[in-house]
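Chain residues, written in single-letter form:
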Amino acid sequence: MLELVDLSKKFKQLYAVKNVNMFVERGEIIGLLGPNGAGKSTAISMISSLAEPTSGDVRFHNESILKKPGDFRNIVGVIPQEIALYTDLTADENLQFFGRMYRLKGSTLKNKINEILDLVGLTDRRKDVVKTFSGGMKRRLNIGVALLHDPELLIMDEPTVGIDPQSRNYILETVKRLNKERDMTVIYTSHYMEEVEFLCDRIYIMDHGNLIASGTNEEIKRILSSEKTISIKSDQLNEQFISLIQEHPLVNRVVTTDKEITLMVAKEVSMFVELTKFAEQAGIELTSVHNRTPTLEDVFLHLTGRALRD
Amino acid sequence: MIGQIIKKQALEFLRNPVQLLLLVGLPIILILILGVALSGFMNGESPVIKVKLAILEQESEEVQLERFADDLGEELPTEAIEEMENILPIERLKQDVLGSEEASKYITLEEISSEDKERVLNDNTYTALIEVPENFSYEILQYWFSAEEKRSSVHLYTNTEHQLGVSIVDGILTQYQDQLTLHSFINEKQIDPVVFEENLQNVTADVSTMGQQRAVSSKDYYTVGMAVMNVLFIASTIGSIAFLEKSTFVFDRIILANVSRWTYFIGILLSGMIFAFLHLLLIFGFAWIVFGVTWPNLFGFTFVTMSFAIAVGGIAVLLTALCYRLNSEVITNFFSSILVSLMALLGGSFFPIGDSSAFISKMGNVTPNGAGMSAYLSILRGNELSDVTNHVVFLLLFGVISIIVAAWSFPKRGAAL
Ligand SMILES: Nc1ncnc2c1ncn2[C@@H]1O[C@H](COP(=O)(O)OP(=O)(O)O)[C@@H](O)[C@H]1O
Ligand SMILES: [Mg+2]
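Residues numbered from 1 in each chain as written. Chains lettered and ligands numbered in written order. Predicted model: local features only at pLDDT ≥ 70, side-chain atom pairs only at ≥ 80, totals over all residues. Heavy atoms only, no water.

### Looking at the coordination of the magnesium ion (ligand 2)
Note on metal sites: the ideal angle is 109.5 degrees for four tetrahedral donors, and 90 or 180 degrees for six octahedral donors. Residue and element names in this part refer to chain A. Filter applied, for reference: Because water is not among the atoms used, a metal site may look incomplete, as its donors are only the N, O and S atoms within 2.8 Å, or 3.2 Å for Na, K and Ca. Elements are defined by DSSP. Helices are runs of H or I of four residues or more, strands are runs of E of two residues or more, and each kind is numbered from the N terminus. Burial classes: relative accessible area under 20% of the type maximum marks a residue as buried, over 50% as exposed, and values in between as partly exposed (1.4 Å probe, protein chains only).
Protein coordination of the magnesium ion (ligand 2) is provided by S41 (OG) and Q81 (OE1), with donor distances spanning 2.0 to 2.2 Å. Note that S41 is positioned in helix α1 (residues 40-47) and Q81 in the loop between β6 (76-79) and α3 (91-101), a separation of 40 residues in sequence. A residue is classified by how much of its surface remains accessible, and Q81, at 25% relative accessible area, is partly exposed.

The following block contains the structure:
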């Protein structure tokens, strides 16, 4: 249905997106996963025909969308990363305005608005000014506006950033429903791997403008079949402990946060004895040590040496 | 579609009461403050223009008249002499023209002697000095009664810094001299003082038409000044709203709905024009009801308002286009924080700055608000639309050129990034 061919976008010296190849089949939910600054939004803006690629192409049913963006725009719904709404207007007025932009009128528009308000759970707040909405409600309306013209393809750029867990679940469920009940194809961008794991049939992982992995959830995790992840937690982590681990010859990668160290070792290596010894040397107490099954996060760590979340 | 965009713009205006209050309430408060506080400076009902005028007669007209009567050789009846006394040109100029009730509202006339000449010429508060040479009235009398061509003329020293005042004095004198010279036909009719009298009354009548122009009070002045200044903020507000649409990606949504960017462009332009028009009507309407600022020529007023609104719409769309092109609101901010004040100052919104120099007056008239102000003031004084054609044409041209530049710089592609 949709294909990205060697898609690149360069800002001055920086390649925000570099030689990205992707395909999307009808009815799929495709995940685009990557940390902040990976180039997801830049890719999305080219896919949605808003920005021109520096090189490469986006093809829809084998035709470049650059040549006839109009036809493509009629079937695509784009949910920008930002709240692209008139915050001084009510939910109703926003839907009304954008509906009219989509050339909907009269009872068709009225029914559509009712349907969307119901879908995103904002019927009882329809007469309220968007400014007064919570983050989650704004996000939901942001999605609703993109559904006014019944798009075949829905492109969502981080639709769950900065909202409460209930709204987040609501949104994820809604995406699933749209895909199942209306056969909507979805491109879903996020830097939360759980979301992508939960929703997506296939996943593309981006970093620094490059695609670094792609495939189904299982396929991607298989990259780590020869490694395992150990997670160590402690309130007292110190420099000495960390450097002892980093210098250990069998440890492949280490990522540290405030209270957690994640390290990767070959599957057959056991580190428990060494870790206990290191803790003693460094004079700290460990809260927990876990062997974990690999996650997409671990794949990212394996491929880039950095954590997915910043 | 365009209607929807304008409707949406209107909603955004109405949903921001603070902004609305600033746009509409502030000028009203300013009119009140400036109009009242500076009414002394403007002298209430009296016109804005103040002309301090000195007149220097090198020789008394009485003496010249006696000489003229003597030189006629024959004995004239006292009545004839008395009639002639009534038509002495400089006396009439002083009494009936410059000293008329209307003229004296803005002209202060001071009679000086030769010793004072130097002082007056060096004093910047004087607008002009009229110097009447010796024998002037004698020669005028001779010209009237004996058609002798040898005539000297009045000398006018002017203070170029009082550009407006000078043009008034100059206008009065030119008209007066034309009247004086017109009367050669009187020759043929022999001495008939009554006719001169009538003709001189024509002169005064002409001058008083000038005086009959409605005086512009300080409230009138500041109503116009504040209205033409504040309406510029409509343009910058629309520019800001439009840029917000870009930075929040709402504009992208509009483009994604397959709406032409030119539809959007026209929506911005029309809302700028319509809101500017309504804003002006609101301010002037309010000033009319509350401050009694009335318009003698409603057609002229409406036409000027429409032209001005077109210019403001042009500014709105130009600011929008530049912000979109530069992807920054800096232009709009500069416009509303600095440029508007500067233009308002030049245009005369705060005080009649143009009176201080011809150059500034010209500069003021090439700002849209200054041109609007000149046009409005002229209409307020009772002039016709045809008297302000230059300003109206300027406003329309300004609007059209702004629109063209805006259309040319409005980005054609690459909306999102
Ligand atoms: N308009 C732009 N001009 C210059 N650099 C940009 C622009 N937009 C994005 N970038 C840069 O491109 C990179 C990718 O950004 P983006 O696509 O927003 O990442 P993501 O959506 O994955 O967080 C970042 O380094 C960002 O700073
Ligand atoms: Mg992004």
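Resuming the write-up.
### Looking at the pattern of salt bridges
Residue and element names in this part refer to chain A. Keep this limit in mind: Each reported salt bridge corresponds to a side-chain nitrogen of Lys or Arg within 4 Å of a carboxyl oxygen of Asp or Glu.
According to the stated counting rule, one finds 29 salt bridges over all chains in the structure shown. D71 serves as the salt-bridge partner of K68, at 3.9 Å between the closest nitrogen and oxygen. Measuring nitrogen to oxygen at the nearest pair gives 2.8 Å for the salt bridge that ties E197 to K221. Highlighted residues: E197 in helix α7 (residues 193-199) and K221 in helix α8 (residues 217-221), separated in sequence by 24 residues. On the basis of relative accessibility, which here comes to 22%, the residue E197 falls in the partly exposed class. Overall, K221 belongs to the partly exposed group, its relative accessible area being 23%. Through salt bridges with shared partners, a single network forms among K112, E115, D150 and R182.

### Examining the packing of aromatic side chains
Counted only if it meets this: In summary, the pairing rule links any two rings of Phe, Tyr or Trp, Trp by its six-membered ring, whose centres are within 6.5 Å, and it sorts them by plane angle into stacked for under 30 degrees, edge-to-face for over 60 and tilted for everything else. Note on geometry: a ring has a charge over it if NZ (lysine) or CZ (arginine) is within 6 Å of the ring centre and within 35 degrees of the ring normal.
Taken as a whole, this structure holds 25 aromatic pairs over all chains when the rule is applied. Centroid distance F394 of chain B to F398 of chain B: 6.0 Å. Interplanar angle 45 degrees. Geometry classified as tilted. You can see F394 of chain B and its partner F398 of chain B sitting in helix α18 (residues 389-409), four residues apart, about one turn around the helix. Among the aromatic residues, those joined into a cluster by ring pairs are F251, W262, Y264, F265, Y324 and F410 of chain B. The ring of F23 of chain A has R202 of chain A lying over it, and the distance from NZ or CZ to the ring centre is 3.9 Å. Sitting over the face of the ring of Y138 of chain B, R67 of chain B holds its NZ or CZ atom 5.0 Å from the ring centroid.

### Structural notes on the interface of chain A and chain B
Let me state the cut-off plainly: Contacts are assigned to residue pairs that have any heavy atoms within 4.5 Å of one another. Defined in terms of a 1.4 Å probe, buried area is the accessible area two parts forfeit on being brought together, summed over both. Two N or O atoms count as a polar contact when they lie within 3.5 Å, although within protein this holds only if one can serve as hydrogen donor and the other as acceptor, and sequence-adjacent residues are included solely when both atoms are side-chain atoms.
At the interface, 35 residues of chain A touch 25 residues of chain B. A buried area of about 2,800 Å², summed over both sides, lies between chain A and chain B, and 61% of it is on carbon and sulfur atoms. Considering only the surface of chain A that becomes buried against chain B, L50, Y86 and M101 of chain A emerge as the three largest contributors, covering 25% of it. The tally of links between chain A and chain B comes to one salt bridge. Across the pair R15 of chain B and E93 of chain A runs a salt bridge whose closest N-O atoms are separated by 2.7 Å. Counting across the chain A and chain B interface gives ten residue pairs in polar contact (both at pLDDT 80 or more). The set of elements that each furnish at least two residues to the side of chain A that touches chain B consists of α1, α2 (69-75), β6, α3 and α5 (135-145) of chain A. Here the side of chain A that touches chain B takes five residues from α3 of chain A, the largest share from any one element.

### A look at the nonpolar core
The cut-off we apply is this: Nonpolar cores are built from buried Ala, Val, Leu, Ile, Met, Phe, Trp, Tyr and Cys residues. Side-chain atoms within 4.5 Å join them into one set.
Among the nonpolar cores identified, the biggest contains 160 residues, and L2, L148, L153 and L154 of chain A together with V224, I254 and Y376 of chain B are the most heavily contacted of them. Setting aside anything within four residues of it in sequence, one finds Y376 of chain B in contact with V224, V228, L280, F284, W295, F301, V304, T305 and F308 of chain B. Within the second largest apolar cluster, 33 residues are counted, among which are F68, A103, Y106 and Y176 of chain B.

### Examining the domain arrangement of chain A
Test applied: In this document the domain limits rely on a domain assignment from an automatic tool or a database.
Segmenting chain A into domains produces domain 1 (2-221) and domain 2 (226-293). Taking only C-alpha atoms into account, the centre of domain 1 of chain A sits 39 Å from that of domain 2 of chain A.

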